[in-house]
Amino acid sequence: MNEDQMIELYQSLLAGNRIWVDTKLKENANFFHELAKGQNPPVLWIGCADSRVPANEITNTKPGEVFVHRNLANMVVHTDINMLSVLDFAVTQLGVKHVIVCGHYNCGGINAALSSTHFGLIDNWLRNIKDVYRLHQEELDAIKEPEGRSRRLVELNVIEQVYNLSKTSAVQNAWDENKPLMIHGWVYDVANGIIKDLMVSRKNNSKMADIYKFDFE
Ligand code: CO
């Protein structure tokens, strides 16, 4: 890509914005006026940064309906102050009712973690996925076909991240205070657009290992 093409690409995003604004105003003249009043999203989405998995678009939701955090391979890492801050804000300030961890098949982060390649800085992030592999090594090693193994690791990773989510102070505090808060694990298929519910939803800590439970008395 030469410099002219680079500038053209960048300008096309701004031009696209104006087209979008015009479209929205034609649909509803008050669209931005209403959004400017504030947000009250009932859902927090923790998804992959992958450009093919835009939270609003694939759930047919509008601006204002989904609070979003995205990172490489939709991870819930206990030392990630960015994710923890988004989660805390969403649960304690916005009062979201659902937190959804959404992974996707064909995830570059998952496939990178499955390889032995040394990538640099992101190795430290991908190692969290390798830890998930080790937890489920027997099942994953038994899948000989690489794509099938990748797809299963995508699912198992989401399940582990939902579990990680349940362990956080923000979620355990909300449950202790009997706030209605559910957490869920989904996988999006980039090849057909369909979201699969992994059926690992939680609304309390009853299925959590005791070692993670806080004593709130
Ligand atoms: Co991904």
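Residues numbered from 1 in each chain as written. Predicted model: local features only at pLDDT ≥ 70, side-chain atom pairs only at ≥ 80, totals over all residues. Heavy atoms only, no water.

(A) Expanded view of the environment of Glu3. Relative to the helices and strands, Glu3 is located in helix H1 (residues 3–27). On the basis of relative accessible area, Glu3 is assigned to the exposed category, the value being 60%. Each C-alpha atom, one on Glu3 and one on Phe32, is 35 Å from the other, the two residues being 29 residues apart in sequence. (Helix = DSSP H or I, 4+ residues; strand = E, 2+ residues; numbered from the N terminus. Buried < 20%, exposed > 50% of the residue type's maximum accessible area, 1.4 Å probe, protein only.)

(B) Structural context of the state of the cysteines. Per the counting criterion, the structure on display carries 0 disulfides. In this structure Cys102 is not part of a disulfide, and its nearest cysteine sulfur, from Cys48, lies 9.5 Å away. Taking the relative accessible area as the measure of exposure, Cys102 reaches 0% and is therefore buried. (Disulfide = S-S within 2.5 Å.)

(C) Structural view of the sheet that holds strand E5 (residues 195–197). Spatially, the 5 strands line up as an open sheet ordered E2-E1-E3-E4-E5, and their pairing is mixed. The open sheet is flanked by strand E2 (66–71) and E5, the only strands paired with a single partner. Taken over all neighbouring pairs, the strand axes of this sheet differ in orientation by 25° on average, direction set aside. When strand E3 (residues 98–104) meets strand E4 (residues 182–188), the two strands line up parallel, connected through 7 bridges. For Gly103, the partnering residue across the bridge sits in E4 and is Val187. Its contacts with the sheet put helix H4 (residues 81–94) on strand E1 (43–48), E2 and E3, and the angle it makes with E2 is roughly 170°. (Pairing = 2+ DSSP bridges. Axes fitted to C-alpha atoms, helices over the stretch in contact; angles between N-to-C directions. Contact = heavy atoms within 4.5 Å.)

(D) How the structure looks around the domain arrangement of the protein chain. Looking at the protein chain, the domain boundaries give domain 1 (1–37) and domain 2 (39–212). The straight-line distance from the C-alpha centre of domain 1 to that of domain 2 is 30 Å. (Domains from an automatic or database assignment.)

(E) How the structure looks around the pairing of E3. Most of E3 is tucked away, with 6 of its 7 residues classed as buried. Here 5 bridges tie E1 to E3, and the two strands are oriented parallel to one another. Of the residues in E3, the one forming a bridge with Ile46 is Val101.

(F) A look at the packing of aromatic side chains. Across all of its chains, the model carries 7 aromatic pairs by this definition. Pairing Phe31 with Phe32 gives two aromatic rings, centres 4.9 Å apart and planes at 90°, and the pair type is edge-to-face. Its relative accessible area of 28% is what places Phe32 among the partly exposed residues. Aromatic side chains Trp45 and Trp186 sit 6.1 Å apart centroid to centroid with 80° between the ring planes, which places their arrangement in the edge-to-face category. A residue pair is termed long-range when its members are at least 10 positions apart, and Trp45 in strand E1 and Trp186 in strand E4 qualify at 141 residues. The burial state of Trp45 is the same as that of Trp186; both residues are buried. These aromatic residues form a ring-pair network of at least three members: Trp20, Phe31 and Phe32. The ring of Phe31 carries Lys24 above its face, with NZ or CZ at 5.4 Å from the centroid. Here the basic side chain of Lys167 rests over the ring of Tyr163, its NZ or CZ set 4.7 Å away from the ring centre. (Phe/Tyr/Trp six-rings, centres within 6.5 Å; stacked < 30°, edge-to-face > 60°. Lys NZ or Arg CZ within 6 Å of the ring centre and 35° of its normal.)

(G) Looking closely at the coordination of the cobalt ion. For the cobalt ion, the full set of protein donor atoms is Cys48 (SG), His104 (NE2) and Cys107 (SG), at a range of 2.0 to 2.3 Å. The sequence motif formed by the donor residues of the cobalt ion is C-x55-H-x2-C. Taken as a pair, Cys48 in strand E1 and Cys107 in the loop between E3 and helix H5 (108–114) lie far apart in primary sequence, 59 residues in all. Across the pair, exposure class does not vary: Cys48 and Cys107 are buried alike. (Donors = N, O, S within 2.8 Å, 3.2 Å for Na, K, Ca; no water.)

(H) Here's a closer look at helix H8 (residues 146–167). Helix length check: H8, at 22 residues, gives a terminal C-alpha distance of 31 Å against a target of 32 Å (1.5 Å per residue), a fit within 8%. Structurally, the start of H8 carries an N-cap: the backbone nitrogen of Glu147 is 3.2 Å from a side-chain oxygen of Glu145. (Expected span 1.5 Å × (residues − 1). Polar contact = N/O pair within 3.5 Å; in protein donor to acceptor, adjacent residues only side chain to side chain.)

(I) Up close: H1. Compared with the 36 Å implied by 1.5 Å per residue over 25 residues, the 37 Å span of H1 between its first and last C-alpha is a close match. You can read the cap of H1 off the contacts: a side-chain oxygen lies 3.1 Å from the backbone nitrogen of Asp4, and it is on Asn2.

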